[in-house]
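# Examining the three-dimensional arrangement
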Amino acid sequence: MAIQSAPLNEPNRELERSLQRKQRTQLGGLLGPGLFWLIAFFALPLAVIVIYSFMTPGSTGRPELPFTLSNYGRLFTEKLFVNAYIRSLWMGFVTTLLCLLIGYPLALFVIQAPPRWRTVLLFLVLIPFWTNFLVRTYAWMVILQNNGLLNDLINWLGFPRQTLLNTDGAVLTGLIYGQLPFMVLPLYASIERFDFTLMEAASDLGADKRQAFLRIMLPLTMPGVAAGSVLVFIPTVGQFVVSDLLGGAKVDLLGNLLQRLFQRSNPPNWPLGSAMALIFMLVLTVGVIFYFRNTTEQNR
Amino acid sequence: MSDGIAIDLRNVVKQFGEVKAVDHINMQIRDGEFFSMLGPSGCGKTTTLRMIAGFEYPSSGEIHLRGKPIGSTPAYERNVNTVFQSYALFPHMTVAENVAFGLQMKKVPQPAITQRVSEALDMVRLGSFGTRRPRQLSGGQQQRVALARALINHPEVLLLDEPLGALDLKLRKEMQIELKGLQERVGITFIYVTHDQEEALTMSDRIAVMERGKVLQIGSPTEIYERPTCRFVADFIGESNFIEGSVAATEERIGNDYGIAITTADGLTVRGVSPQPIKTGIAATLSLRPEKARLTLAEPPVGTANNFRVTVERVSYIGSDTRILVRLGQEMIVSVWEQNTRSTLDRDAYWQAGESGYLWWPAENALALTE
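Residues numbered from 1 in each chain as written. Chains lettered and ligands numbered in written order. Predicted model: local features only at pLDDT ≥ 70, side-chain atom pairs only at ≥ 80, totals over all residues. Heavy atoms only, no water.

## Let's talk about unusual backbone geometry
A negative phi angle is the norm for most residues apart from glycine, just as the trans form is the norm for most peptide bonds. All names here are of chain B. As a reminder, the rule being used: The secondary structure listing takes helices from DSSP runs of H or I that are at least 4 residues long and strands from runs of E that are at least 2 residues long, numbered from the N terminus. Any residue under 20% of the maximum accessible area for its type is buried, any over 50% is exposed, and the rest in between are partly exposed; the area is computed with a 1.4 Å probe on protein chains only.
Backbone geometry at R66 places phi at a positive 45°, although glycine is not the residue there. For R66, the position within the fold is in the loop between β4 (60–65) and β5 (68–69). Residues other than glycine seldom take positive phi values, yet Y87 does so here, at roughly 75°. Look at Y87 and you get buried, because its relative accessible area is 6%.

Below, the structure written as structure tokens:
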């Protein structure tokens, strides 16, 4: 062709440029869908929420101008909101702690089971996921109500029937029940990688079982503890179904308040709800970062 | 009270389901000795060590530590420490923290711990490595940390489970000498598990050769090598020619031993010695170490108990030695090792395949074994 008369290095540079262009298109092609997804369904809605949180609630609850800081003011001064924050964080903390106390021995038990049982046991942990969470929560209502299964048992044993449903205990039970697998799975992964010879070494050096666990096994499985705790804590703090159904809507958690502010209350108040959600997000993000720093740093 | 016995195993059995990993073991390990348990994998040596450490409890039998029964004492209450095959250093602690762990468990006051940790690290020549993490050290250094971590507790017995297995050959040889030197300096009883015979021979005061959960022979390295009591030990330690046949006669005494004549299926008669007479007609094996047999062009001295005209089948020159395979009788191949003691100029004076010569050995150079 005619182009061949050009100096030798010309076509090379041309080729390079076309290659670079090709790489760029490829990179764009690979990143595009994910980036689009993040922007469209995460960044944009978040931006909208941020803007809403500084607006004035209209008569129908819709955000209106002018911009204001009063939403944030209410959150930090009105007892209802402050209490919901504290209460949610507390419930999240207790749920996480109890999940940890139940989940760690459970994960350990599964790992120490004979290999052919291990898969079966792990599978059993996962089975509840096959049923809708709402249905499973209703099942707990049936168990806990005044003439429910548990009270039948208590009665049969000769004790008076107890109020079980619509209590903090009922909410906690439901939360732990729902979140336990999220604690067990990361713990399982972490403990599975643990070298149990180290426990023998600790015992050899004079550590009893408790000391060996606290000094060796727990620190070395901390990544699993951290991951499990976060996976349990975050969804728990935002829960509203469980506290609605098992707490009889008497136990107000953040999730319940949010749901109400956006939908149920009359009139709804979107700006206030947005501000509440944002503060909530901020608290959790900062908390989680600190938590991960403190729990996993020593393993490096 | 304990009569200088550090560990006394009496009729110890360890059963895992149907399998007897350790089958009625009796063993006395003396105070301050370097004792090795040697055997192929699955012979029960590691299980025995783990029972002394307290990681396993015997199914039956008794273990005494300096006269006190410890068979059912948990590991953390035994004044015995272990160096693990994988070292089992705590990865989240520094070297110094690893070494200090045992003393912390004993609630030794902190200043004393600091003092003793630095002494222990100096002892294994890791004085400046205290603040490092185990993973930042080489295999040999990790090995020495594991030693320091165990020895700092002044155990009555130190158990070592193939601790040099993961090191390369050169380092392993260095560590063998270092370990033996360390053991002599600290004067602590070492019980060492290995499947490497050379390692066991190099370091041990005494060796127990084990197979299938049983102790076959206990003795010094020379006893084990020179006077194996059964074919397995002769075969496992070093190399040996085994010439099978049946006992033709127990002949005159040679030193404290008896001369034994064995007739092979070929009709050849070979002679060795045995510590006791053996009845005529019993099946026996002559064990002849390759370096204890001679191959010469000239006839051996008159009256040599074993003297055969043989043909050289194959010659391997391996530097320090020349290893020669010769055909004896119809079908027996006997290996003979000749040390290359000739001058460096004399390059051609080695055996060639096809040559004939005399294969000979005095009776006391071979052992007649019945097991």
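## A closer look at the sheet that holds strand β18 (residues 332–339) of chain B
Residue and element names in this part refer to chain B. Applied cut-off: Here a strand pair is declared whenever DSSP counts at least two bridges between the two strands. Helix axes use the C-alpha atoms of the stretch in contact, all axes being lines fitted to C-alpha atoms, and the angles between their N-to-C directions lie in the range 0 to 180 degrees.
Taken together, 5 strands build an open sheet; the order of strands is β15-β19-β16-β17-β18 and the sheet is antiparallel. Strand pairing shows two members of the sheet lacking a second neighbour, β15 (294–296) and β18, which therefore form its edges. The sheet shows a mean angle of 45° between the axes of neighbouring strands, direction not considered.

## Topic: the domain arrangement of chain A
All names here are of chain A. Here is the rule: Throughout the structure description, domain borders are defined by an automatic or database domain assignment. Contact criterion: two residues are considered in contact whenever any of their non-hydrogen atoms come within 4.5 Å of each other. As used here, buried area is the combined drop in accessible area, with a 1.4 Å probe, of two parts when they are placed together. Salt bridges are counted wherever a side-chain nitrogen of Lys or Arg sits within 4 Å of a carboxyl oxygen of Asp or Glu. Polar contacts, as counted here, are pairs of nitrogen or oxygen atoms within 3.5 Å of one another; within protein the pair requires one atom able to donate a hydrogen and one able to accept it, and residues that are adjacent in sequence qualify only if both atoms are side-chain atoms.
Segmenting chain A into domains produces domain 1 (13–52) and domain 2 (72–298). Measuring from the centre of the C-alpha atoms in domain 1 to the corresponding centre in domain 2 gives 37 Å. Residue-level contacts link 4 residues of domain 1 with 5 residues of domain 2. Buried area between domain 1 and domain 2, both sides added, is near 460 Å², and the carbon and sulfur share of it is 81%. Three residues, L46, I49 and Y52, lead the burial of domain 1 against domain 2; their summed loss comes to 83% of the area buried on that side. At the boundary of domain 1 and domain 2, one finds 0 salt bridges. If you look at where domain 1 meets domain 2, you find 0 residue pairs in polar contact (both at pLDDT 80 or more).

## Notes on the pairing of strand β14 (residues 283–288) of chain B
Residue and element names in this part refer to chain B. Buried residues dominate β14, accounting for 5 of its 6 residues. For strand β11 (residues 241–254) and β14, the ladder comprises 6 bridges, and the chain directions are antiparallel. Bridged to E244 within β14 is T285. Two strands pair when backbone bridges link them, and β14 and strand β20 (residues 366–369) are joined in this way by 4 bridges, in the antiparallel orientation.

## Some thoughts on the pattern of salt bridges
Residues and elements named next belong to chain B. Within the structure shown, the criterion is met by 25 salt bridges over all chains. Residues K214 and D23 are paired through a salt bridge, measuring 3.1 Å at the closest nitrogen-oxygen approach. Of the two residues, K214 sits in strand β10 (residues 214–219) while D23 sits in strand β2 (residues 19–30), which places them 191 residues apart along the sequence. You can call D23 buried: its relative accessible area is 15%. Of the charged contacts, one joins R206 and E33 as a salt bridge, the two residues approaching to 2.9 Å between their closest N and O atoms. Separated by 173 residues along the polypeptide, R206 in strand β9 (residues 206–211) and E33 in the loop between β2 and β3 (34–38) bring together distant segments of the chain. On the basis of relative accessibility, which here comes to 13%, the residue R206 falls in the buried class.

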